[in-house]
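# Architecture and fold: a report
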Amino acid sequence: MTVKALHVIRNLLPSSTSAHTKRKKDARGQGQGDAAMNGGSGHGNGTSSNGTSSNGARSNGASSNGESNQTNNGEVVDANTLLPRYLLPLVRHYHDDFFVSRSFDPRLVVQLMAEGFLPIATQGYLLPKLHVERCVLQLNPTSNLHITKSTRKKSKRFLLSVNECFDEVVAGCHRQHGTNWLYPPIVAAFRAIHQRTIDPNAGGVNAMLMAHDSLEPRDVTPVRLYTVEVWNAETGALAGGELGYSVGGIYSSLTGFSNEDAAGSVQLLALGKLLTQCGFEYWDLGMALDYKTRLGAELVRRTDFVGKVKQSRVENKGVALRCDGRRNAKEIVDWERAAPAAANGATQNGNSHLNLEQNNAPQPASKKKAKKKGSQQPNRKRPHGEEMGG
């Protein structure tokens, strides 16, 4: 391994390395990802290695011998070939869709996100997951989001916001699901990324972009982590929420909760519309579940999904989830895409935030009629006991 390669890997290692290493960041290192960020939670040393993941996977005895992984279409893949070369010193294949690392450093977490992995955890171990098939909903240039009449009607009872209360959203997830995979070390990593996301001078954490077999950084892309909150419009109480992150024009849901009837369904619908407004191409919902396919998501093969991530992380660096204060969920749900002539000013490379004053105009009657047919689908509250992204 070359000296340059070691330098790249060192920038991903936890900040508990020597102070000399910290001081030795030159201009090149600072431009490659966010080596300056050192809010990680360490390796998780001293914790038990026999914890279980949310899928019941034991975390001890992880294999590093390139165990074969067979896809649903019979394709056999050496799992370690799915890992970019520069991550091999830090991450190895565990079993099935899961990989494993002892580091929870947020710089490693954002690198995994930028490579298409969904980061979850078990006690003492990070368990990045690369699904054989991913449940993905297309939002732009045309949207596959299904809207039901009953959820649209209920949405007027709620407000939606973004990045208002990280700790309360995590607490809500813990109350509903237990610790599950949301252990303190990964929460600390998410919190560090979130703090950089809401920092106007940072706007996220930069991940290094390298070719699959390369050890030379060629570019960077921002990774952003969000909280989405749903509020009772009458009482102001927190009614639901979720954690999610974005890489380019792809938003991935991690986990969520709801405290009130219909809050979960309204959150999904309003968030889908807000993501569309903000210019996101795809909404990654993780593993396949019935409520996700009813929402409009389709299964995408692993190689195709990773390809979409690698393309979008370069072409859509400026796409970000924004919500000006607490907005009425029905206002967001009723938003309709601008006519092509009005939308020509929006680009996918940082200017995809559409003009909301223009696009919140009343919906033409012809469009309302076209929508009516889609509203006949049966409404089913999102099963919040099931993980969103896992």
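Numbering of residues starts from 1 in every chain and runs along the sequence as written. Per-residue local features are limited, in this predicted model, to residues with pLDDT of at least 70; the limit for side-chain atom pairs, both in listing and counting, is 80 or more; totals at the level of whole chains, interfaces and linings are taken over all residues. Working from all heavy atoms in the structure, the side-chain values ignore hydrogens and water.

So, about the overall build of the protein chain. Helix and strand definitions here come from DSSP, where helices need a minimum of 4 consecutive H or I residues and strands a minimum of 2 consecutive E residues; each element is numbered from the N-terminal end. Each helix and strand counted, the protein chain has 14 helices and 15 strands in total. Put simply, the protein chain has 390 residues, and 54% of those count as buried. Whether two residues are in contact is decided by their heavy atoms: any pair within 4.5 Å suffices. In the protein chain, of all internal contacts separated by at least 6 residues, the share reaching a separation of at least 24 is 74%. Under the convention used here, a 1.4 Å probe and the Shrake-Rupley method define accessible areas, while residue burial counts only the protein chains that appear. For the protein chain, the accessible area works out to roughly 16300 Å², and carbon and sulfur atoms hold 48% of it. The buried label applies to any residue whose accessible area, calculated with a 1.4 Å probe on protein chains only, is under 20% of its type's maximum; exposed applies above 50%, and partly exposed to all values in between.

Any carboxyl oxygen of Asp or Glu within 4 Å of a side-chain nitrogen of Lys or Arg constitutes a salt bridge here. Within this structure, the stated rule accounts for 11 salt bridges. Note that E115 is salt-bridged to R313, the shortest N-O span being 3.4 Å. Of the two residues, E115 is situated in the loop between α4 (106-114) and β5 (118-122) and R313 in helix α10 (residues 302-315); the sequence distance between them amounts to 198 residues. We classify E115 as buried; its relative accessible area is 4%. Since its relative accessible area comes to 1%, R313 is described here as buried. The salt bridge involving K317 is made with D219; its shortest N-O contact spans 2.7 Å. Residue K317 is located in the loop between α10 and β15 (327-328), and its partner D219 is located in strand β10 (residues 219-232); the two are separated by 98 residues in the primary sequence. The exposure class of K317 is partly exposed, given its relative accessible area of 23%.

What follows deals with the nonpolar core. Judged by nonpolar contacts, the single largest core of 60 residues is most densely connected at L182 and F190. Looking at this core, the element that brings in the most residues is α4, giving 6 residues. Leave out the neighbours within four places in its chain, and L182 touches V170, C173, H174, V187, F190, L243 and T255. Residues A239, A270, L321 and V333 belong to the second largest nonpolar core, which totals 37 residues. Residue types Ala, Val, Leu, Ile, Met, Phe, Trp, Tyr and Cys, when buried and joined through side-chain atoms within 4.5 Å, form a set referred to as a nonpolar core.

Turning next to helix α6 (residues 166-177). Helices are assigned an expected span. That span is 1.5 Å times one less than the residue count. A rise of 1.5 Å per residue sets the reference length of α6, with its 12 residues, at 16 Å; its end C-alpha atoms lie 17 Å apart and thus fit the reference within 8%. Taken as a whole, α6 has its buried residues at F166, V169, V170, G172, C173 and H177. Summarising the axial view, the buried residues of α6 lie within an arc of 155°, below the 170-degree limit, and thus occupy one face. Buried residues in α6 make contact with α7 (184-198), β10, β11 (238-247) and β12 (250-258). A positive phi of about 75° marks G178, the residue just after α6. Note: the arc covers the axis-to-C-beta directions of the helix.

Another point: the pairing of strand β7 (residues 133-138). Successive residues of a regular strand alternate their side chains across the two faces of the sheet. Sheet topology places β7 next to strand β14 (residues 298-301); 4 bridges connect them, and they run antiparallel. Across the sheet, the residue bridging to R134 is V300, located in β14. In the sheet, β7 pairs with strand β13 (residues 282-284) via 3 bridges, with the strands oriented antiparallel. Directly across from L137, in β13, lies its bridge partner W283. For two strands to count as paired, DSSP must find a minimum of two bridges between them.

As a further point, take the environment of V109. Relative to the elements of secondary structure, V109 occurs in helix α4. Taking the C-alpha atoms as reference, V109 lies 9.7 Å from V223; in sequence the two are 114 residues apart. Aside from chain neighbours lying at most four places away, what touches V109 is F104, P119, L126, A189, F190 and I193.

Values of pLDDT, which run from 0 to 100, indicate the predictor's confidence residue by residue. Per-residue pLDDT for the protein chain averages 77, and the proportion of residues at 70 or more is 66%. Across residues 13-68, confidence stays below pLDDT 50; counting only partners more than four residues off in sequence or on other chains, it has 128 contacts. Throughout residues 341-386 the model reports pLDDT below 50, and contacts reaching past four residues in sequence, or to other chains, amount to 83 contacts.

Turning to the packing of α6 against α7, a few remarks are in order. Helix axes are fitted only over the stretch in contact, all axes being lines through C-alpha atoms; the angle between N-to-C directions runs from 0 to 180 degrees. Contact geometry for α6 and α7: axes closest at 11 Å, N-to-C directions at 150°. As judged from the angle between their axes, α6 and α7 are roughly antiparallel. As α6 packs across α7, the resulting crossing turns out to be right-handed. Residues F166, D167, V170 and H174 of α6 pack against V187, F190, R191 and H194 of α7. Here the contact of α6 with α7 is built from residues that sort into 4 nonpolar, 2 polar and 2 charged. Relative orientations are named as follows: roughly parallel for angles under 35 degrees, roughly antiparallel for angles over 145 degrees, roughly perpendicular for angles from 65 to 115 degrees, and oblique for any other angle. For any helix crossing, the convention is left-handed if the near helix is rotated counterclockwise from the far helix by under a right angle, and right-handed if that rotation is clockwise. Any residue outside Ala, Val, Leu, Ile, Met, Phe, Trp, Tyr, Cys, Pro, Asp, Glu, Lys and Arg is labelled polar, Gly included; the first ten of those are nonpolar and the last four are charged.

So, about the side chain of S252. If you trace the backbone, S252 turns up in strand β12. Among the residues examined, S252 registers a relative accessible area of 3% and is labelled buried. A polar contact is formed between the side chain of S252 and the side chain of D284, at a distance of 2.7 Å. Residues in contact with S252, not counting those within four places in the same chain, are L243, G244, Y245 and D284. Think of a polar contact as two N or O atoms within 3.5 Å of one another; within protein, one of them needs to be a possible hydrogen donor and the other a possible acceptor, and neighboring residues in sequence only count if both atoms come from side chains.

Residues are called lining when one of their atoms sits within 4 Å of a cavity or pocket point, these points coming from a 1 Å grid over the protein atoms alone, where a cavity is a set in which a 1.4 Å probe fits but cannot get out and a pocket is an open set with protein on both sides within 12 Å along at least five of seven lines. Grid points are joined across faces, edges and corners, and a volume is the space filled by probe spheres set on the points. In this structure the tally under the stated criterion is 4 cavities of 30 Å³ or more. For the largest cavity, the calculated volume is near 50 Å³. If you go around the largest cavity, the residues you meet are M113, G116, F117, R134, Y245, V247, I250, S252, D284, F305 and V309. Mapped by element, the contributors of at least two residues to the lining of the largest cavity are β11, β12 and α10. In the lining of the largest cavity, the residues fall into 7 nonpolar, 2 polar and 2 charged.

Interhelical geometry of α4 versus α7 gives an angle of 80° and a closest axis separation of 9 Å. Here α4 is positioned roughly perpendicular relative to α7, judged by the angle of their axes. Counting all contacts with α4, which are made through P106, V109, V110 and M113, the residues of α7 involved are A189, F190, A192 and I193. Broken down by class, the residue content of the contact of α4 with α7 amounts to 8 nonpolar, no polar and no charged.

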